[in-house]
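Structure assessment
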Amino acid sequence: MPQYPSRFAVAPSGFKESLSAPDAARAIAAGIHRVVPDAEVDLIPLVDGGEGTAEALAEASGGRLLLRTATGPVGAPVPTHLALLPDGTAVVEMAAVAGLALVPRTARTTTRGVGELITAALDSGATRVLVGCGDSGTSDGGAGALQALGARLLDADGRELGPGGVELSRLARIDTAGLDPRLTCTGIQVACNPYNVLCGERGVARVFGPQKGASPERVEQLAAGLERWAAVLARDVAPGRCRLADLRLDAGTGASGGLGAGLAALGAELRPRFEVLLGRLDLDGRLARADLVVTAEGALDAQTPRGKVPAEVARRAKLSGRPVLALAGTLGEGHGQVPGVDACSSILPAPVGLAEALGRGAEFLTDATERALRMVLLGARLGPVAAAAAVVQTAGTQRPSTVR
């Protein structure tokens, strides 16, 4: 008798500007129940340090959100939040105060609001601060955050620098006398993508600057500013505080437009984001109990293995031999070579405009889950030999399915 999956682990990321991770998980579950009404579905919405991180960790741990107003990425106040967890950890979500969604393409940007939220965490009595890096709209190396925490960034004439990464080219010295003294007795962890570095050809200005609206000329100005920033940080701030050997090129220094480097200079520990965030969810054990793992994200492509949620889910699922289906809003070059993903599919049923795709994300995701799972069950009915040649044929994706 063919073995049909009845236990599902649903572990998606969010779809930017369309679905939060919890919304995506619920949409996938709805598609599963259309096909397997009595299925056991374990919803495990995942965050990577970007949008939704503070709320997700508060919900998972029984913590609470604190609503605040802080300086947004272009200098105007924005409503924002941080989370307080039962173990005394405060979660500061970079995207909630300086995220890409808050940044006009032509604006100079600052991470000052991140520093203000760290201060709010200290004021709330937090004994540890976890800063989630992701979905950032800034490239100032964390300069604004340090300014909010009491550092003074001065040019050769002793004048305070303005906001933005380009300004850092004029930096002469950093005055640390006014830094909040509580920083020395509060552990700060930064959950970041370790593939991101501050400087060099793979530095954040050159890799992510264009995505944040920077022209080629501005990209090179930002790169020069961050080089200067790294040198002065290493001289004026890092001694006696920093755990890293190289603020330019060490893993994670480029997180959130270089926020990783700025906080590392103050003594923060940079940690791979999934080690920090997913350890609180018993993800490995929950994946191991499933017959089929379903993950999802807005785009599946060659960048997915470089620290994206579907790749991490697939890697962990394979530790217990679980098959993995990945669903995505778009499939780019390299989507078929994500290690551990056995089958993948776009959620779009036909070419549609961006506004429609974003607005109907939940509907498309539910329908795509149903289509893909019906193909999985068809493969199971055909038997193991035929199933090895079965093809997931939804929205232009054709890959042999190894899910049985």
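Residues numbered from 1 in each chain as written. Predicted model: local features only at pLDDT ≥ 70, side-chain atom pairs only at ≥ 80, totals over all residues. Heavy atoms only, no water.

1. Some words on the sheet that holds strand β4 (residues 77-84)
Read from one edge of the open sheet, six strands run β3-β4-β5-β6-β9-β10, paired in mixed fashion. Across the chains shown, the open sheet's two edge strands, defined by having one partner strand only, are β3 (64-71) and β10 (269-272). The average angle at which neighbouring strand axes cross in this sheet is 30°, direction not considered. The pairing of β4 with strand β5 (residues 89-93) spans three bridges and is antiparallel. (Pairing = 2+ DSSP bridges. Helix = DSSP H or I, 4+ residues; strand = E, 2+ residues; numbered from the N terminus. Axes fitted to C-alpha atoms, helices over the stretch in contact; angles between N-to-C directions.)

2. Regarding the packing of helix α1 (residues 21-35) against helix α13 (residues 361-382)
Running from amino to carboxyl end, α1 crosses α13 at an angle of 40°, the nearest separation of the two axes being 7 Å. Between α1 and α13, the angle falls in the class oblique. The interaxial crossing formed by α1 with α13 has right-handed handedness. Here A24, A27, I28, A30, G31, I32, R34 and V35 of α1 come into contact with α13, specifically with A362, L365, T366, D367, T369, E370, L373, R374 and L377. Residue classes in the contact of α1 with α13 are distributed as 10 nonpolar, three polar and four charged. (Parallel < 35°, antiparallel > 145°, perpendicular 65-115°, else oblique. Left-handed = near helix turned anticlockwise from the far one by under 90°. Contact = heavy atoms within 4.5 Å. Nonpolar A, V, L, I, M, F, W, Y, C, P; charged D, E, K, R; others polar.)

3. Brief notes about the confidence of the model for the chain
It should be kept in mind that the predicted coordinates are not to be read in detail where pLDDT is low. Here the chain averages 89 in pLDDT, while 94% of its residues score no lower than 70. Within the model, the stretch residues 387-404 combines pLDDT values under 50 with 43 contacts to residues more than four positions away or in other chains. (pLDDT = per-residue confidence, 0-100.)

4. Concerning empty space enclosed by the protein
Per the counting criterion, the structure on display carries one cavity of 30 Å³ or more. The computed volume of the largest cavity comes to approximately 50 Å³. Lining the largest cavity we find T110, D140, A143, G144, Q147, L153, L161, G162, P163, G164, E167 and L168. Here the lining of the largest cavity takes three residues from helix α5 (residues 143-148), the largest share from any one element. Across the lining of the largest cavity, the residue classes break down as five nonpolar, five polar and two charged. (1 Å grid on protein atoms, 1.4 Å probe; cavity = no way out; pocket = protein on both sides within 12 Å on 5 of 7 lines; lining within 4 Å. Points joined across faces, edges and corners; volume = space filled by probe spheres on them.)

5. Concerning the nonpolar core
Core analysis: the biggest nonpolar cluster contains 60 residues, and V114, I118, V131, L153, I174 and W229 have the highest contact counts within it. Here this core gets eight residues from one element, more than from any other, and that element is helix α7 (residues 216-236). Setting aside chain neighbours within four positions, we find I174 in contact with A151, R152, L153, W229, V232, L233, D236 and V237. With 28 residues, the next largest nonpolar core counts V35, L348, V376 and L377 among its residues. (Core = buried A, V, L, I, M, F, W, Y, C linked by side-chain atoms within 4.5 Å. Buried < 20%, exposed > 50% of the residue type's maximum accessible area, 1.4 Å probe, protein only.)

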